[in-house]
Amino acid sequence: MDHVIATSMVAQHEMAQRLGMNASDLTCFGFILEAGEHLLTAGDLAARAHVTTGAVTGIVNRLERAGYVTRQADPSDRRRVRIAAVQAAVDRVTALYGPYYARLTEQFNDYSPAEIAVLNDWFTRTGKLMSDYLEELRET
């Protein structure tokens, strides 16, 4: 597992470099994509990335200058800004990650539905465990 995590971190840096950004910015862009139509505020993004609101402002500024995101007024509170992905940027990221995800899909096809259910359970529970542990570390 340590090898997979380390390789994933190295890959994240490589992917970010190919997209002209750093790994933190790519991670935040991933959170923006994950939110889909439920556009995040800077505060939402800061909480997900576990960075200060000041740091997230810099991240959003860089992503906006690079053409990855736009800021949109919140329709329910015009003082609040939401962050939206730019479709051309989504297309660039999808083109880069697409072959990797296609290979993962092919690999998942080797597993039975019951095995996929176990893998899904493990990843879901492990993701929660990791998030909870990070919160505990930050509180100390």
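Refer to the structure presented above.
This write-up is about the structure you can find in this document. (Residues numbered from 1 in each chain as written. Predicted model: local features only at pLDDT ≥ 70, side-chain atom pairs only at ≥ 80, totals over all residues. Heavy atoms only, no water.)

## Regarding the overall build of the protein
The helix and strand inventory of the protein stands at 6 helices and 3 strands. Ordering the α and β elements of the protein from the N terminus gives α-α-β-α-α-β-β-α-α. In terms of principal-axis extent, the alpha carbons of the protein reach across some 50 × 40 × 30 Å. Expressed as a percentage of the 140 residues in the protein, the buried residues total 23%. Across the protein, contacts joining residues at least 24 apart in sequence account for 47% of those joining residues at least 6 apart. Approximately 9,800 Å² of the protein is accessible, and the part contributed by carbon and sulfur atoms is 57%. (Helix = DSSP H or I, 4+ residues; strand = E, 2+ residues; numbered from the N terminus. Buried < 20%, exposed > 50% of the residue type's maximum accessible area, 1.4 Å probe, protein only. Contact = heavy atoms within 4.5 Å. Areas by Shrake-Rupley, 256 points an atom, 1.4 Å probe, with all protein chains shown as cover.)

## A look at a nonpolar patch on the surface
The grouping of Met1, Ile5, Met9, Trp122 and Phe123 at the surface amounts to a nonpolar patch, some 550 Å² of accessible area in total. Contributing elements (two or more residues each) for the nonpolar patch: helix 1 (2–18) and helix 6 (113–139). Turning to its location among the elements, methionine 9 is positioned in helix 1. (Patch = residues over 30% accessible without salt bridge, like charges linked within 9 Å, V, L, I, M, F, W, Y side chains within 5 Å. Salt bridge = Lys/Arg side-chain N within 4 Å of Asp/Glu carboxyl O.)

## What about the environment of leucine 63?
Looking at the secondary structure, you find leucine 63 in helix 4 (residues 53–65). Considering only alpha carbons, one finds leucine 63 and alanine 11, 52 residues apart in sequence, at a separation of 20 Å.

## Notes on the pairing of strand 2 (residues 69–74)
Regular strands place their side chains on alternate faces of the sheet. Summarising the sheet, strand 2 and strand 3 (residues 77–85) pair through 6 bridges and their orientation is antiparallel. Bridge pairing in strand 3 places valine 69 opposite alanine 85. As consecutive antiparallel partners, strand 2 and strand 3 are separated by 2 residues. (Pairing = 2+ DSSP bridges.)

Purely geometric numbers; function is a separate question.
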